Amino acid sequence: MTGGRFDHLRLDKVCRRFGERLVLDSLDLQIAGGEFVALLGPSGCGKSTALNCIAGLLPLSAGSIWLDERRIDTLPPERRGFGMVFQNYALFPHLSVRANVGFGLRMRGVGRAETRRRVHQALELVQLTEYAARLPGQLSGGQQQRVAIARAIVIEPPLVLMDEPLSNLDAALRLEMRTEIRRLHQELGLTTIYVTHDQEEALSLADRLVVLREGVEQQVGTPEELYRAPANAYVAGFMGYRNLFPVTVTAMHGETATAAGSGIELVGLARGAAEGKPAIVAIRPEDFSVVDTAVPPGSGRLTADSAPLAAQGGANTLAVDVEVVEYHGREQAVLARLPGGLPLRIRTVARLAPGDAVTVRVPIEQVLVFAADTATAEAVAELPEFTVPSDGFGDLDGPPAGVAAGPPAGAADNRTAAP
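Residues numbered from 1 in each chain as written. Predicted model: local features only at pLDDT ≥ 70, side-chain atom pairs only at ≥ 80, totals over all residues. Heavy atoms only, no water.

Turning next to the side chain of Asp287. By the element assignment, Asp287 lies in the loop between strand 14 (278-283) and strand 15 (289-292). The charged side chain of Asp287 is buried without a salt bridge, its nearest counter-charge being Arg284 at 4.6 Å. Not counting residues within four places of it along the chain, the set of residues in contact with Asp287 comprises Arg361, Val362, Pro363 and Gln366. (Helix = DSSP H or I, 4+ residues; strand = E, 2+ residues; numbered from the N terminus. Buried < 20%, exposed > 50% of the residue type's maximum accessible area, 1.4 Å probe, protein only. Lys, Arg positive; Asp, Glu negative; His and termini not counted. Salt bridge = Lys/Arg side-chain N within 4 Å of Asp/Glu carboxyl O. Contact = heavy atoms within 4.5 Å.)

Next up, the structure:
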């Protein structure tokens, strides 16, 4: 259904300023025709600004945008011909579904017969033909989003831009619409750029992810590449490594590093870490296994003086005190406390209860030890649902690395509101 196919879209050192503030800083990105790319990051990282620059809704402060060998950043939005799906749907409330979908075609001077054919085809694709005569106010949120998608694709654009289109939907509708967006992308051979702050959403939809922080590209790669090999602690935090601890590297052994701090000592894979230097340890909640729930009688809750490691079962073995347990069917999401006071997030099939003192273990290959500096520590501290530990971070002048305070990936935390 789409027309105007292209080989690649290229952003060449794209910058955007708002006054003195640099929101996009020399963004270089190439997107192949037919690819689904997600721009991922927190509010204010520049992802929506990048999308609006591509759409032509914002002028560039520097750099250029190319569609194949044609420079397009000098063109107005209507001459770029891109389809766009907004967070708030942006439907005309006084027009029917059919009229909303066909609006762009009428503005382009497409004939009545061709407009009817393409509108009908678009409504069939989003499964809304029986709602064609209704007004947007008579539809559910998910149905309104389908109308917005139909309006974007009916003009047969070379590129579809989506700016957090699912954020206003409830959890069940988000899952349904994720599947629908991916289906349409595949069936129509669309090229899609999708903005989101939700790593699970990005993983499930995109062929490649672009993680941004303060307008600077942190890492570009496939979902598997970013999931398994994040480039730094900031990317790790976005890709589900909810346990991030400030440490110092005490020894190096080839590709592994031993790191200690805040009452813990762990051995993991070195990711730029160096002996004697500050680092950030990153571990996923689901990579821990509960190895022992038997504790000495009368031991009570663990304290900072409790033995943190080897005496309780070998390398990467930690004694923890369970504080909060959330039931998630087959698994439990557990908030525990380490001897030094740091929170630890665990996902486990073991049945635990608040007040349990248990021993957990994590394989060396599941522990990543990242080099840390002030910028890294500040970036990690900015991640959603992360808090800053109060015991500082080595000799750094800036704030310490963030510690995971949110639930494991996919788990709801009933004690705090979602970001």
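Additional details are given in the paragraphs that follow.
On to the packing of helix 3 (residues 97-107) against helix 4 (residues 112-125), then. Packing of helix 3 against helix 4 brings their axes to within 9 Å, and their N-to-C directions diverge by 120°. By the angle between their directions, the pair helix 3 and helix 4 is classed as oblique. Handedness of the crossing formed by helix 3 with helix 4: right-handed. Residues Val97, Arg98, Val101, Gly102 and Leu105 of helix 3 touch helix 4, and the partners they reach there are Thr115, Arg118, Val119, Ala122 and Leu123. In terms of residue class, the contact of helix 3 with helix 4 is made up of six nonpolar, two polar and two charged. (Axes fitted to C-alpha atoms, helices over the stretch in contact; angles between N-to-C directions. Parallel < 35°, antiparallel > 145°, perpendicular 65-115°, else oblique. Left-handed = near helix turned anticlockwise from the far one by under 90°. Nonpolar A, V, L, I, M, F, W, Y, C, P; charged D, E, K, R; others polar.)

The next point concerns the nonpolar core. If you look at the biggest cluster of nonpolar residues, it comprises 46 residues, and the most contacted ones within it are Val101, Ile149 and Ile181. With six residues, helix 5 (residues 141-153) is the largest single contributor of residues to this core. Beyond its immediate chain neighbours, meaning those up to four positions away, Ile149 contacts Val85, Val126, Met162, Met177, Ile181 and Leu184. (Core = buried A, V, L, I, M, F, W, Y, C linked by side-chain atoms within 4.5 Å.)

So, on to the pairing of strand 4 (residues 62-67). Alignment of strand 1 (residues 8-18) against strand 4, held across five bridges, turns out to be antiparallel. Across the sheet, residue Leu9 finds its bridge partner in strand 4, namely Leu67. (Pairing = 2+ DSSP bridges.)

Now for the side chain of Asn243. In this structure, Asn243 sits in strand 11 (residues 243-253). For Asn243, a relative accessible area of 0% puts it in the buried group. Within the structure, Asn243 has its side chain in polar contact with the backbone nitrogen of Arg345 (distance 2.7 Å). (Polar contact = N/O pair within 3.5 Å; in protein donor to acceptor, adjacent residues only side chain to side chain.)

Hydrogen bonding along the main chain pairs the strands of a sheet, whether they run parallel or antiparallel. Spatially, five strands are ordered 11-12-13-20-14 in a closed barrel, and the strand pairing comes out mixed. Averaged over all pairs of adjacent strands, the angle between strand axes in this sheet comes to 50°, irrespective of strand direction. Sheet topology note: the strand 14/strand 20 (residues 368-371) ladder contains four bridges and is antiparallel. The residue of strand 20 that forms the bridge with Ala279 is Ala371.

Under the criterion given, the structure shown has 18 salt bridges. The partner of Glu35 in a salt bridge is Arg208, and the shortest N-O contact between them spans 2.5 Å. Within this pair, whereas Glu35 is found in the loop between strand 2 (21-32) and strand 3 (36-40), its partner Arg208 is found in strand 9 (residues 208-213), the two being separated by 173 residues in sequence. Overall, Glu35 belongs to the buried group, its relative accessible area being 13%. Between Glu180 and Arg146 there is a salt bridge whose closest N-O contact spans 3.6 Å.

This next bit is on the environment of Gly46. Here Gly46 lies in the loop between strand 3 and helix 1 (47-55). Judged by its relative accessible area of 6%, Gly46 is buried. Sequence separation of Gly46 and Glu217 is 171 residues, and the distance between their C-alpha atoms is 9.7 Å. Once residues lying within four places of it in the same chain are set aside, the contact partners of Gly46 are Val23, Leu24 and Leu212.

Just distances and angles here, no functional claims.
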